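# Commentary on secondary and tertiary structure
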Amino acid sequence: EIRTSIKDFTLLAFSSKRAGKKEVEASAHISLALIFDNQGNMKSAIEHYKQYHELCISLNDPVGRGLALNCIGVNCMLLAAPPSDAGVTASKLLTTPSSSSSSSSKSSEQYVLDAIDAHLKHLEVADVGGSFVAHTNLGLAYAMADNVASAAKHHQDALRVSIKLQSIYGQAISVGNLGQLAILKGDLTTARTCFEQHVQLIQALQDPEAEVNAWKLLANLSIKENNHSDAILSLEQAKNIASRTGIRSELRRIHCLIGESYAALGFADFAASLAPLA
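Let me sum up the structure you'll find in this document. All values reported here derive from a predicted model rather than from experimental measurement.

## Some details on the overall build of the protein
Summing up its helical and strand segments, the protein has twelve helices and zero strands in all. Secondary structure of the protein in N-to-C order comes out as α-α-α-α-α-α-α-α-α-α-α-α. If one aligns the C-alpha atoms of the protein with their principal axes, the spans along those axes are about 85 × 45 × 40 Å. A burial count over the protein gives 41% of its 278 residues as buried. Counted over contacts in the protein with a minimum sequence separation of 6, partners at least 24 positions apart contribute 51%.

## Quick look at the layout of surface pockets
To find leftover empty space, a probe the size of one water molecule is rolled over the atoms. The space that makes up the second largest pocket amounts to roughly 270 Å³. Ile46, Lys50, Ile72, Cys76 and Lys106 are the residues nearest the centre of the second largest pocket, which is lined by 16 residues in total. For the lining of the second largest pocket, the secondary-structure elements that each account for two or more residues are α3 (42-58), α4 (62-80) and α5 (108-125). The element best represented in the lining of the second largest pocket is α3, accounting for six residues. Taken together, the residues of the lining of the second largest pocket break down into seven nonpolar, one polar and eight charged.

## Topic: a nonpolar patch on the surface
The grouping of Phe267, Phe270, Leu274 and Leu277 at the surface amounts to a nonpolar patch, some 460 Å² of accessible area in total. Note that phenylalanine 270 resides in helix α12 (residues 248-274).

## With respect to the nonpolar core
In terms of nonpolar packing, the biggest core is built from 34 residues, with Tyr49, Tyr52, Ile72, Cys76, Met77, Ile116 and Met144 touching the most fellow members. Sorting the residues of this core by element identifies α2 (22-38), α3, α4, α5, α6 (128-144) and α7 (148-164) as the ones contributing at least two each. Not counting residues up to four positions away in its chain, the partners in contact with tyrosine 49 are Ile30, Ala33, Leu34, Asp37, Ala68, Cys71, Ile72 and Asn75. Formed by 27 residues, the second largest nonpolar core is a distinct cluster that contains Ala210, Leu218, Leu235 and Ala238.

## A closer look at the pattern of salt bridges
In total, this model carries seven salt bridges according to the counting rule given. A salt bridge links aspartate 117 to lysine 121; the nearest nitrogen and oxygen atoms lie 3.3 Å apart. Of this pair, aspartate 117 and lysine 121 both sit in helix α5, four residues apart, which is roughly one turn of that helix. For the salt bridge of arginine 192 with glutamate 196, the shortest nitrogen-to-oxygen distance reads 3.6 Å. Of the two residues, arginine 192 and glutamate 196 are both situated in helix α9 (residues 188-205); the distance of four residues between them amounts to about one turn of the helix. Taking the relative accessible area as the measure of exposure, glutamate 196 reaches 36% and is therefore partly exposed.

## Focus: the packing of α2 against α3
At a closest axis distance of 8 Å, the pairing of α2 and α3 adopts a crossing angle of 160°. With respect to their mutual orientation, α2 and α3 come out roughly antiparallel. The handedness of the crossing between α2 and α3 comes out as left-handed. Contacts between α2 and α3 involve Lys22, Glu25, Ala26, His29, Ile30, Leu32, Ala33, Leu34, Phe36 and Asp37 on the former and, on the latter, Met42, Ser44, Ala45, His48, Tyr49, Gln51, Tyr52, Leu55 and Ser58. Residues of the contact of α2 with α3, tallied by class, amount to eleven nonpolar, five polar and three charged.

## Concerning the side chain of glutamine 171
Positionally, glutamine 171 belongs in helix α8 (residues 168-185). Overall, glutamine 171 belongs to the buried group, its relative accessible area being 18%. Not counting residues up to four positions away in its chain, the partners in contact with glutamine 171 are Leu159, Ser162, Ile163, Gln166 and Leu201.

## A closer look at unusual backbone geometry
Its identity as a non-glycine residue notwithstanding, glutamine 206 has a phi of 55°, on the positive side. Here the phi dihedral of asparagine 226 falls at roughly 60°; this positive angle occurs in a residue that is not glycine. By the secondary structure assignment, asparagine 226 is in the loop between α10 (208-224) and α11 (228-245). According to the relative accessible area criterion, asparagine 226 is exposed, its value standing at 61%.

How each quantity is defined
Residues numbered from 1 in each chain as written. Predicted model: local features only at pLDDT ≥ 70, side-chain atom pairs only at ≥ 80, totals over all residues. Heavy atoms only, no water. Helix = DSSP H or I, 4+ residues; strand = E, 2+ residues; numbered from the N terminus. Buried < 20%, exposed > 50% of the residue type's maximum accessible area, 1.4 Å probe, protein only. Contact = heavy atoms within 4.5 Å. 1 Å grid on protein atoms, 1.4 Å probe; cavity = no way out; pocket = protein on both sides within 12 Å on 5 of 7 lines; lining within 4 Å. Points joined across faces, edges and corners; volume = space filled by probe spheres on them. Nonpolar A, V, L, I, M, F, W, Y, C, P; charged D, E, K, R; others polar. Patch = residues over 30% accessible without salt bridge, like charges linked within 9 Å, V, L, I, M, F, W, Y side chains within 5 Å. Areas by Shrake-Rupley, 256 points an atom, 1.4 Å probe, with all protein chains shown as cover. Salt bridge = Lys/Arg side-chain N within 4 Å of Asp/Glu carboxyl O. Core = buried A, V, L, I, M, F, W, Y, C linked by side-chain atoms within 4.5 Å. Axes fitted to C-alpha atoms, helices over the stretch in contact; angles between N-to-C directions. Parallel < 35°, antiparallel > 145°, perpendicular 65-115°, else oblique. Left-handed = near helix turned anticlockwise from the far one by under 90°.

All quantities given are derived from atomic positions and should not be read as evidence of function.
Written as structure tokens, this is what we have:
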């Protein structure tokens, strides 16, 4: 069915272009982009998003342009650093070569630069809500490029927009991203302030899955501070929420993290007890 859809939309795009039906051609390209996105073929998706974007320019469609540019930027970020539990804020990725050994393949660095370019263009055409998305993505992309100052500016701009929109969810995202950025800078005090506020904002939303992740962020920060007692307290909060709401995949991870923290907490005493036997 997917192969048939790709053939059908490809034919529709070709025939519409010949007939001068730009709106239909644009619809075909965005459909192809979404199909390739859902298949994990981000490079092909980007090519169709670009063609959709060009058609939106000629159709004077800023909303369509914003959509295409956002998707291009996000896909470039994912090509530079595939999703993981660590998120996409790691600044080390630019030293990592792309997965393909072909000399014609783009490097991770080039994908990040392409992402920044797309998100900057999105910011130019975005409405207020779209500007929050663009600023947030720019903050993440600049962090990937190890440009902490620009990343901080855009996350702060995203926070201002979310306050203007009175969006608690947006504020929670921005504050959490600022906390992650503070960790990259080694400023754990600022990171703790941000993550504690992040937890409070998420609690106001009554989103169990987001609250579990928020407590895990605090726990991870406590581990970086070598404060395993606080880490256990945060992880216990996450465990209680995950257990109560049936988030079983997270529950297994949390149990492992609690075990690691208890082991780290008791290691010094355990090592001391072995000293007389050495």
